[in-house]
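So the chains spell out like this:
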Amino acid sequence: MSTERAPAAPDLERLGSLLLEAGGGRAPPALRRLLDRELRLALIRRARETRRRCLPTSMGRAQRRDERQEVPVPYEAHRLKWRPGRRVAVLLGGTRPGADGTVVEWGWVLKCCRPERAARLATLHRELARALQRPGASAPAAGPARIEVVRTDAGPRPLPRVPAIGFARPEAGWIALEAWPGLPLARVRDRAVRDRALAAVALALAGLERTLEVGWLWPARAWSISREIDRLLEVWHPTGVPLPMDPEELARLLERVSGGRLAPAHRDLYGEQIVVDPEAADLGAERWVDWDEAALAPAGLDLANLLAHEWLAGLRAAAPRPIAEECAALVDTYRSGGGQLEASAILPWVAAACLRLAGIARQRARDDDPVIRSPGWTEPSPLPPWEESAALVDVALEIVAAA
């Protein structure tokens, strides 16, 4: 097998076109030549480990070695989402069809981007892996430009998981992250399974708030209320329509319910970022992906973002639940796990998330969304974007009026 090195920087357009040419999602030979040597070695290691488990123990060592060397290394390549000329995410591994769509069995998510972004992602995932060590593991030494997270409760709590780095060459713009078996929660149609997964996520969020010890570190950046308001204005600006409520009024409301308290946060948590296995007893809903925006953020932001997306998913399925009731039920679970906030403190953040989603829906209506998502991996909305946007704005204004 060739050990040809990857180019100094990834050719994103070439990679994208090769994936489009891959009939049925199968990777063409040209794509294999483009991929890094570490990928090929990782595939060989996986195939040999799988084969080793299947070989009879009665075989001699030399015979077993010869058998392992003859194992082929098949894999599929599926383009997940991309921003033309900027970055692309590709699933490399094995999949199978499931009741709710394609299910990942094994592999990596290969992210190809600018070298500086790849370097930042590699550093971020290493920091997150250290921060989320289970109690009893040795804590990393504190260093400059890091923010300490104080543990406020000594009891064990469930914590979310971060995908491991499979291999990376940041200087060439490559990083491959573990792809967990399962599928995104957003694609699960069974309401009972979905509710169980949401409860597990709420408990993990409570654990994330409360169980990181002094000296265990979170990525050194903070997301403030002012940045949240700026983000809302950025989302609505391209639509040509002003933010549907006074941003200063919304900022004052968020300040009042947050009390200046920050907590470790994923910062972009919703159903597409939560991997579940509907056939497993515990679903595995603590496995979260796309931690690119992780930061210290106002407590309740992650749970609110999840609630807003779930309400939108219900709207798309023609079965939206009253947002206050949905929030109260999930907050009860979150508080049972040690979470500190009441539903009244989380609902204003739900309103902010709904306003952001409404602006994004308007961008889609204008074909302004810079990120393209593969239809085979993301459920398209059955509703017109304008209708989605109007419904989300109504919910947000209803929450603010009741606050």
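Description of the structure in this document. Model, not experiment: these values are computed from the prediction. (Residues numbered from 1 in each chain as written. Predicted model: local features only at pLDDT ≥ 70, side-chain atom pairs only at ≥ 80, totals over all residues. Heavy atoms only, no water.)

1. Structural notes on the packing of helix α6 (residues 191-210) against helix α10 (residues 323-336)
Contact geometry for α6 and α10: axes closest at 8 Å, N-to-C directions at 50 degrees. By the angle between their axes, α6 is oblique relative to α10. Crossing angle aside, the handedness with which α6 passes α10 is right-handed. Residues R191, L198, A199, A202, L203, A206 and E209 of α6 touch α10, and the partners they reach there are E326, L330, T333, Y334 and S336. For the contact of α6 with α10, the per-class residue count stands at seven nonpolar, two polar and three charged. (Axes fitted to C-alpha atoms, helices over the stretch in contact; angles between N-to-C directions. Helix = DSSP H or I, 4+ residues; strand = E, 2+ residues; numbered from the N terminus. Parallel < 35°, antiparallel > 145°, perpendicular 65-115°, else oblique. Left-handed = near helix turned anticlockwise from the far one by under 90°. Contact = heavy atoms within 4.5 Å. Nonpolar A, V, L, I, M, F, W, Y, C, P; charged D, E, K, R; others polar.)

2. A closer look at the sheet that holds strand β1 (residues 76-83)
Paired through backbone hydrogen bonds, the strands of a sheet run either parallel or antiparallel to each other. Reading across the sheet, the six strands line up as β5-β6-β3-β2-β1-β13 and stay open at both edges, with antiparallel pairing between neighbours. Strand pairing shows two members of the sheet lacking a second neighbour, β5 (165-169) and β13 (372-373), which therefore form its edges. Relative to strand β6 (residues 174-178), strand β3 (residues 101-112) runs antiparallel, the two sharing five bridges. What sits directly across from L110, in β6, is A176. Running over the sheet, helix α5 (residues 115-131) touches β2 (87-98), β3, β5 and β6 and is turned about 30 degrees from β6. (Pairing = 2+ DSSP bridges.)

3. A word on unusual backbone geometry
Positive phi, normally seen in glycine, also occurs at R267, with a value near 85 degrees. Secondary-structure assignment places R267 in the loop between β9 (262-265) and β10 (274-276). Of the residues examined, R267 reaches a relative accessible area of 15% and is grouped as buried. (Buried < 20%, exposed > 50% of the residue type's maximum accessible area, 1.4 Å probe, protein only.)

4. Description of the side chain of H309
By the secondary structure assignment, H309 is in helix α9 (residues 301-316). Since its relative accessible area comes to 15%, H309 is described here as buried. Each residue touching H309, except ones within four places of it in the same chain, is listed here: Y270, R356 and L357.

5. Some words on the environment of V88
With respect to the element layout, V88 can be found in strand β2. Under the relative-accessibility criterion, V88 is labelled buried at 6%. The spatial distance from the C-alpha of V88 to the C-alpha of C113 is 6.7 Å, given a sequence separation of 25 residues.

6. Overview of the side chain of T239
With respect to the element layout, T239 can be found in the loop between α7 (225-236) and α8 (247-258). When its relative accessible area of 6% is taken as the criterion, T239 is described as buried. At 2.5 Å, the side chain of T239 and the backbone oxygen of W236 are in polar contact. If near-sequence neighbours (up to four positions away) are discounted, T239 is found in contact with G359, R362, Q363 and R366. (Polar contact = N/O pair within 3.5 Å; in protein donor to acceptor, adjacent residues only side chain to side chain.)

7. Side note on α9
Taking 1.5 Å as the rise per residue, α9 with 16 residues should run 22 Å; its terminal C-alpha atoms sit 23 Å apart, in good agreement. Along α9, 14 of the 16 residues are buried, which leaves the element largely enclosed by surrounding structure. Once α9 finishes, A318 follows within two positions and takes phi at roughly 60 degrees, a positive value. (Expected span 1.5 Å × (residues − 1).)

8. Re the packing of α10 against helix α11 (residues 343-365)
Running from N to C, α10 and α11 point in directions that differ by 125 degrees, and their axes come no closer than 10 Å. Taken together, the axes of α10 and α11 are oblique relative to one another. By crossing handedness, the relation of α10 to α11 is classed as right-handed. Facing I323, A324, C327, A328, V331 and Y334 of α10, the residues of α11 in contact are A343, I346, L347 and V350.

9. With respect to the pairing of β1
Counted residue by residue, β1 has six buried out of eight residues, so it is predominantly covered. As judged from the seven bridges shared by β1 and β2, these two strands associate in the antiparallel manner. Bridge assignment links R79 to a residue of β2, and that residue is V90. Judged from the two bridges that link them, β1 and β13 form a sheet pairing that is antiparallel. Within β13, the position partnered with W82 by the bridge is I372.

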